[in-house]
Amino acid sequence: MSKAPDNHDTTAQKKADVKQRVAAMGDLHVKEHGSPSYKELFAEISQEADILVLTGDLTDLGKPKEAELLAADLRSCSIPMVAVLGNHDYECGHVDEVKAIIKDAGVHLLEGSAIEINGVGFAGVKGFAGGFGRYMLGSFGEPAIKAMVAESVEETMRLENALRQVKSERALVVLHYAPIQQTVEGEPPEIFPFLGSSRLAETIDRFPVTAVVHGHAHRGTYEGKTPGGAPVYNVASHIEKPTGKAYALLEL
């Protein structure tokens, strides 16, 4: 005799099959003194979206006090939260403390890992610099250059490992650095190599990815695509978005 479906399991499956509204934003740069409160914004997002995604540079200098201020504001968010760190979050050398504070606020911090929420898989890493296309930095010359390229490669490998963990048919990649040049355009061309790397896009295009979000390029462009066709959104809070808000709303 077959087992009757559990009502709880059936409800969970129905929820997983429903389109999810994902609010995504990055580059909050919370400072120890003088930063605005994000409590009202996070409360608003809780009404507008099902999941909040933060794409790094949560703090301005990576100070634990900055992370504590953000964590206090994040407690006004009543929906699941997912995040990666950005380069600013490493600045003061207290990244482990920052991570712990953010996690204690209820945030799922992605560091080469994945998580499924309501039927959507989230895979994320910080990413790294390196440049785009034919101008991508190669591992040649001084040890410092080789070390920089090795860091970029390491981040893409961590992203690949995270994507291999995703079992959902819907997958959102969460980054800080950009995977394509298109969404950093608007920034000075001289700094493009420091805003992201095509290595990230090469990895993304080996998997069935629904969309990609990143930050870092404050003066970049909102929307682009990887060479394989995955939609990419620059959701830095400074970027103009269709919502007219600091956050983008994506339906997955």
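It should be noted that the structure appears before, not after, this text.
Everything in this summary refers to the structure shown in the same document. (Residues numbered from 1 in each chain as written. Predicted model: local features only at pLDDT ≥ 70, side-chain atom pairs only at ≥ 80, totals over all residues. Heavy atoms only, no water.)

1. Structural notes on the sheet that holds strand 4 (residues 107–109)
The condition is simple: In short, DSSP must find at least two bridges between two strands for them to pair. In this description a helix means any DSSP run of H or I spanning at least four residues, a strand means any run of E spanning at least two, and both kinds are numbered starting from the N terminus. Axis lines are fitted through C-alpha atoms, for helices just across the contact stretch, and the angle between N-to-C directions can take any value from 0 to 180 degrees. In this description, contact between two residues means that some pair of their heavy atoms is separated by no more than 4.5 Å.
The sheet built from five strands is open, its strands ordered 4-3-2-1-11 with mixed pairing. Of all strands in the sheet, those bounded by a partner on one side alone are strand 4 and strand 11 (248–251). When the angles between neighbouring strand axes are averaged without regard to direction, this sheet yields 25°. Two strands pair when backbone bridges link them, and strand 1 (residues 21–25) and strand 11 are joined in this way by four bridges, in the antiparallel orientation. Residue Val 22 lies in a different strand from strand 11, and its bridge partner there is Leu 250. Relative to strand 1, helix 2 (residues 39–48) is tilted by about 155°, and along the sheet it contacts strand 1, strand 2 (51–55) and strand 11.

2. Considerations on unusual backbone geometry
A positive phi angle, close to 60°, is found at Asp 27, a residue other than glycine. As for its placement among the helices and strands, Asp 27 is situated in the loop between strand 1 and helix 2.

3. A few points about the environment of Ala 24
Applied cut-off: Partly exposed describes any residue whose relative accessible area lies between the buried limit of under 20% and the exposed limit of over 50%, with all areas from a 1.4 Å probe on protein chains only and scaled to the type maximum.
By secondary structure assignment, the location of Ala 24 is in strand 1. Here Ala 24 falls in the buried class, since its relative accessible area comes to 0%. For the pair Ala 24 and Ser 237, spaced 213 residues apart in sequence, the C-alpha to C-alpha distance is 9.1 Å.

4. Notes on the nonpolar core
The following threshold applies: Only buried residues count toward a nonpolar core. Its members are Ala, Val, Leu, Ile, Met, Phe, Trp, Tyr and Cys residues joined through side-chain atoms within 4.5 Å.
By size, the foremost hydrophobic cluster in this structure holds 29 residues, and its most contacted members are Leu 28, Phe 42, Ile 45, Leu 52, Leu 54, Leu 70 and Leu 74. Going through the elements one at a time, strand 1, helix 2, strand 2, helix 3 (64–74), strand 3 (81–84), helix 4 (95–104) and strand 4 are the ones with two or more residues in this core. Not counting the four nearest positions on each side in its chain, Leu 54 is found in contact with Met 25, Leu 28, Leu 74, Val 82, Ala 83, Val 84 and Val 174. Formed by 22 residues, the second largest nonpolar core is a distinct cluster that contains Val 22, Ala 24, Val 84 and Leu 252.

5. Brief notes about the pairing of strand 10 (residues 231–234)
Of the pairings in the sheet, the one linking strand 8 (residues 211–214) to strand 10 comprises three bridges and is parallel in character. Counted as the bridge partner of His 214 is Asn 234 from strand 10. Looking at chain direction, strand 9 (residues 223–225) and strand 10 are connected through three bridges and run antiparallel. Each bridged residue has a counterpart across the sheet, and for Lys 225 the counterpart in strand 10 is Pro 231. Between strand 9 and strand 10, which pair antiparallel one after the other, the connecting turn spans five residues, and Gly 229 there sits at a positive phi close to 100°.

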